[in-house]
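If you want the building blocks of each chain, they are given just below.
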Amino acid sequence: ATTEIYTFPYTTLFRSANPKAANRLADLLIARGDIEGLRARADAGDTTAAHRLDIETLRARADTGDATAADQLAELLIARGDIESVRARADAGDLMAALQLADLLIARGDIEGLRARADAGDSMAAHQLADLLIARGDIEGLRARADAGDATAAHHLADLRSEERRVGKECRSR
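Residues numbered from 1 in each chain as written. Predicted model: local features only at pLDDT ≥ 70, side-chain atom pairs only at ≥ 80, totals over all residues. Heavy atoms only, no water.

1. Remarks on the environment of Arg59
Put simply, the test is: Helix and strand labels come from DSSP, where a helix needs a run of H or I of at least four residues and a strand needs a run of E of at least two; each type is numbered from the N terminus. Buried residues are those whose accessible area, probed at 1.4 Å on protein chains only, stays under 20% of the maximum for their type, while exposed residues exceed 50% and partly exposed ones sit between those limits. Whether two residues are in contact is decided by their heavy atoms, any of which lying within 4.5 Å being enough.
Its place among the elements puts Arg59 in helix α3 (residues 47–63). By relative accessible area, which is 23% here, Arg59 ends up partly exposed. When the C-alpha atoms of Arg59 and Ser123 are compared, they prove to be 22 Å apart, with 64 residues separating the residues in sequence. If we ignore the near neighbours within four places in the chain, the residues touching Arg59 are Leu73, Leu77 and Arg89.

2. Some details on the side chain of Arg145
For Arg145, the position within the fold is in helix α9 (residues 139–147). A residue is classified by how much of its surface remains accessible, and Arg145, at 11% relative accessible area, is buried. With residues up to four places along the chain from it excluded, the contact list for Arg145 reads Arg115, Ala118, Asp119, Leu129, Leu133, Asp150 and Ala153.

3. Some words on the packing of α3 against helix α4 (residues 67–80)
What counts here: Axis lines are fitted to C-alpha atoms, over the contacting stretch for helices. Their N-to-C directions set the angle, which ranges from 0 to 180 degrees. The crossing is said to be left-handed when, going from far helix to near helix, the turn is anticlockwise and less than a right angle, and right-handed when the turn is clockwise.
One way to put it is that α3 packs onto α4 with a least axis distance of 8 Å and a crossing angle of 145°. Pair α3 / α4 crosses with left-handed handedness. Contacts between α3 and α4 involve His51, Arg52, Asp54, Ile55, Leu58, Arg59, Arg61 and Ala62 on the former and, on the latter, Ala69, Ala70, Gln72, Leu73, Leu76, Leu77 and Arg80.

4. A short note on helix α7 (residues 111–119)
Cut-off, in case you're wondering: What the arc measures is the spread of directions leading from the helix axis to the C-beta atoms.
Those residues of α7 that sit buried are Ile111, Gly113, Leu114, Arg117 and Ala118. Buried residues in α7, looked at end-on, bunch into an arc of 160°, giving them a common side. When the buried face of α7 is taken as reference, the exposed residues oriented beyond 90 degrees from it are Glu112 and Asp119. Where α7 is buried, its residues meet α5 (83–91), α6 (95–107), α8 (123–135) and α9.

5. Some details on the confidence of the model for the protein
To be explicit about the condition: On a scale of 0 to 100, pLDDT captures the predictor's confidence in every residue.
Looking at the protein, the pLDDT average stands at 84 and 90% of residues meet or exceed 70. Put simply, strand β1 (residues 3–8) is where the protein has its lowest mean pLDDT, 44, and α5 is where it has its highest, 96. In the model, residues 1–15 has pLDDT below 50 throughout and makes 34 contacts with residues more than four positions away in sequence or in other chains.

6. Topic: a positive patch on the surface
Put simply, the test is: What goes into a patch is any residue over 30% in relative accessible area without a salt bridge, connected to like charges within 9 Å or, for nonpolar side chains (Val, Leu, Ile, Met, Phe, Trp, Tyr), within 5 Å. For the accessible areas, the method is Shrake-Rupley and the probe is 1.4 Å, while residue cover comes only from the protein chains on display. Here, a salt bridge means any Lys or Arg side-chain nitrogen found within 4 Å of an Asp or Glu carboxyl oxygen. Asp and Glu count as negative and Lys and Arg as positive, but His and the ends of the chain are not part of the count. Where a charge sits is defined by one atom per residue type, namely NZ (Lys), CZ (Arg), CG (Asp) or CD (Glu).
Side chains of Arg161, Arg165, Lys169 and Arg172 sit close together on the surface and give a patch of like positive charge. Mapped onto the elements of the fold, Arg161 is located in helix α10 (residues 151–172).

Spelled out as structure tokens, the structure:
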């Protein structure tokens, strides 16, 4: 593999055909907070650096409360297969990461994983699980969760009961 060396202010950059080296260099630049060095690598055609720069830029924006950036970051991390980073962000209170993770668990058919997150207090997982139980017609499962103290399930159950009463009144008035 050919390696070329570029010198930029404060950073010597390596353009290599070795993806492991490119990832390691990006990791080092990020670890030392050298986003400008990462940007210079991206500008020099390093696609690994460009990709990581996107992630770091999104992460910085998401960490300041930008919900759109948080959503895009979670999507990008999932696309990269970095589920642990999405899980860590969700565990730290990032609602967009929690929603993306809940959607991923449903898409994978990991209902037990979704249930575990809901049981651990993940509100997005709780909402997704309640919606899933309703979609499956599992009202008993929803009722069991409500009886066990799941406020989201109780709310969904109350909504269902209210809708049943409304429909019942409409039918009786005809």
